[in-house]
Amino acid sequence: MQRFVIALLGASAALAAPTASIKRATVSGSAEGFAAGVTGGGDATAVTPTSTDELVSYLGDSEPRVIILNQEFDFTDSEGTTTSAGCSPWGTGSQCQIAINQNDWCTNYEPDAPTVSSITYNKAGVEGITVASDKTIIGEGSKGVIKGKGLRMANGVSNIIIQNIHVTEINPEYVWGGDGITIDGADMIWIDHVKTSLIGRQHIVLGTESSGKVTISNSEIDGTTSWSAQCNAYHYWSVLFLGSDDQVTFKGNYIHNTSGRGPKVGGKTVLHAVNNYWGNIDPTGHAFEIDSGAYILAEGNTFDSVKTPVSTLEGKLYTGTDCSSALGRACVENTLTGSGDFSGTASDVLSSFSSKAAAADKDASGVPSSAGIGKI
Ligand SMILES: *[C@@H]1O[C@H](CO)[C@@H](O)[C@H](O)[C@H]1NC(C)=O
């Protein structure tokens, strides 16, 4: 058997050009939960962009594509800078984020905040790169980095896989400086092994349009920052689920060094939060904010020294184990060590998960080392 395999490898190596890299990034695994069945660019011939323009073109055109990222794409200066007024609603110290007066936000919502006469920031960060339907975006090793601009899936796109990339450095000093991953009117999206860090506004946001079925798995939300709304090195604007009719599987993610919205769930969002790990959360902040309209099943998660696992609890949350009649299996208890209370008894949420519940492991302790870029 072994000799046969070697013979096959020899044959394919002989067919390949001598300098071609034999090892190609391909999608690893498949989506679990709500976005199960997503195929992205499917078996389209892979393309490897070498410039920001080429990346933008491949992501936005109407061809099904498998797009391999094997370098950093730095958009920081790609659209130049712009200058506007701002305000400091959270304090004026050097560790505080400043808000851009975008659409008169400061004037309308923070009229009493100290004003900042002039902020200069990178225009590229403000809106993410448009991602069209039927795309697979996949990083090679730890090389797939998109810097200075996020990714945006909106206006009804569907069937997109984003795996093993890092989105970073989007005007991190400034609220309204840009989001990392935006989904706002979409369906069948799988975000896997993605890391987000140093973002101005939301690391991940599902906006108010319906984003349908979404799976976010094995991803790392790293809130470590020098500029935050709490002026304390923990990013506040982490993960926001606001869709009008969304079904989200959030599994195996590592959320750390954040202080809020980790996640904030509202709109009409059905959320299966399973096997995630929260660590180094700001002791003055929190993980979940659960607004009315949220239907959450949370199981098998680990909260490591999280003082406030949930701040607001106005929506529905089930953390019990009595799931057999809806899921055909028991649910897994959450593990809270040195953490505050996290419990909900809204078992009526269970029927929303019956056909699309991801499997739950007993133990999420390995998540900090398995989540994020460069782990597959
Ligand atoms: C995250 O927060 C912890 C606790 O405050 C801190 O020790 C650690 O250095 C922070 N992580 C990073 C990467 O800065």
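Above this text sits the structure in question.
This one's a predicted model, so the numbers in the text were calculated from it and none came from an experiment.

Points about the overall build of the protein
Here comes step 1: Along the backbone of the protein there are 5 helices and 29 strands.
Here comes step 2: Over its C-alpha atoms, taken along the principal directions, the protein stretches across nearly 70 × 55 × 35 Å.
Here comes step 3: Taking all 376 residues of the protein together, 54% fall into the buried category.
Here comes step 4: Accessible surface, the protein: about 15400 Å² in total, of which carbon and sulfur atoms supply 48%.
Here comes step 5: Between the averaged position of the 23 positive side-chain charges in the protein and that of its 39 negative side-chain charges there is a distance of 6 Å.

Re the state of the cysteines
Here comes step 1: The tally for this structure, following the rule as stated, stands at 3 disulfides.
Here comes step 2: Cys87 shares a disulfide with Cys106; S-S distance 2.1 Å. Where Cys87 bonds to Cys106 through sulfur, the torsion about that S-S bond is close to -80°, and the disulfide is left-handed. Separated by 19 residues along the polypeptide, Cys87 in strand E4 (residues 81-87) and Cys106 in helix H3 (residues 105-109) bring together distant segments of the chain.
Here comes step 3: Residue Cys106 is classed as buried on the basis of its relative accessible area, which comes to 5%.
Here comes step 4: Linked covalently through their sulfurs, Cys96 and Cys231 form a disulfide whose S-S length is 2.0 Å. Of note, the bridge from Cys96 to Cys231 carries an S-S torsion of about 110° and is right-handed in sense. Pair noted here: Cys96 is in the loop between E4 and strand E5 (98-100) and Cys231 is in the loop between strand E17 (220-222) and strand E18 (239-241), with a separation of 135 residues, a long-range link.

Things to note about the environment of Ile290
Here comes step 1: Mapped onto the secondary structure, Ile290 falls in strand E24 (residues 288-290).
Here comes step 2: Ile290 gets classed as buried once you look at its relative accessible area, which sits at 0%.
Here comes step 3: Along the backbone, Ile290 and Lys264 are 26 residues apart, and their C-alpha atoms lie at a distance of 6.0 Å.
Here comes step 4: Here Ile290 is in contact with Val265, Ile296, Val310, Thr312, Leu313, Glu314, Gly315, Lys316 and Leu317, once residues within four sequence places are set aside.

Describing the sheet that holds E5
The strands making up a sheet associate through backbone hydrogen bonding, with each pair oriented either parallel or antiparallel.
Here comes step 1: Read from one edge of the open sheet, 4 strands run E6-E4-E5-E12, paired in mixed fashion. With partners counted over all chains shown, the strands left at the sheet margins are strand E6 (115-122) and strand E12 (174-175), one partner each.
Here comes step 2: Pairing of E4 with E5, which is carried by 2 bridges, proceeds in the antiparallel orientation. Note on E5: the bridge partner recorded for Cys87 is Ala99.

Focus: the packing of aromatic side chains
Here comes step 1: Under the criterion given, the structure shown has 13 aromatic pairs.
Here comes step 2: Here Phe34 and Phe353 contribute two aromatic rings whose centre-to-centre distance is 6.0 Å and whose plane-to-plane angle is 40°, an arrangement assigned as tilted. One end of the pair, Phe34, is in the loop between helix H1 (2-15) and strand E1 (46-47); the other, Phe353, is in the loop between strand E29 (335-337) and helix H5 (367-370), and 319 residues separate them in sequence. You'll find Phe34 and Phe353 in the same group, each marked buried.
Here comes step 3: Taken together through their ring pairs, the aromatic side chains of Trp90, Trp105, Tyr109, Trp176, Tyr236 and Trp237 make up a single cluster.
Here comes step 4: Of note, Arg201 hangs over the ring of Trp176, and the distance from its end group to the ring centre comes to 4.2 Å.
Here comes step 5: Between the NZ or CZ atom of Arg201 and the centre of the ring of Trp237, over which it lies, the distance is 3.9 Å.

Here is what the cut-offs are and how they apply
Residue positions are given per chain, counting from 1 as you read along its sequence in written order. Only residues with pLDDT of at least 70 are given local features in this predicted model, and only at 80 or more are side-chain atom pairs given and counted; all residues enter the totals for whole chains, interfaces and linings. The side-chain quantities take in all heavy atoms of the structure and omit both hydrogens and water. Runs of H or I in DSSP of at least four residues are treated as helices and runs of E of at least two as strands, each being numbered from the N terminus. Under the scheme applied here, a residue whose accessible area is under 20% of the maximum for its type counts as buried, over 50% as exposed, and between as partly exposed, the area being computed with a 1.4 Å probe on protein chains only. Methods summary: accessible areas were calculated by the Shrake-Rupley approach with a probe of 1.4 Å, and residue burial reflects only the protein chains presented. Residues scored as positive are Lys and Arg, those scored as negative are Asp and Glu, and His as well as the terminal groups of each chain are ignored. Working definition for charges: the position is that of NZ of Lys, CZ of Arg, CG of Asp or CD of Glu. Cysteine sulfur pairs qualify as disulfides if the two atoms are within 2.5 Å. Contacts were defined at the residue level, with two residues in contact if any of their heavy atoms lie within 4.5 Å. Any two strands between which DSSP finds at least two bridges are classified as paired. In this analysis, rings of Phe, Tyr and Trp, with Trp reduced to its six-membered ring, are considered paired at centre separations within 6.5 Å, and the interplanar angle assigns stacked below 30 degrees, edge-to-face beyond 60, and tilted for intermediate values. In this analysis the charged atom, NZ for Lys or CZ for Arg, is taken to sit over a ring once it is within 6 Å of the ring centre and within 35 degrees of the ring normal.

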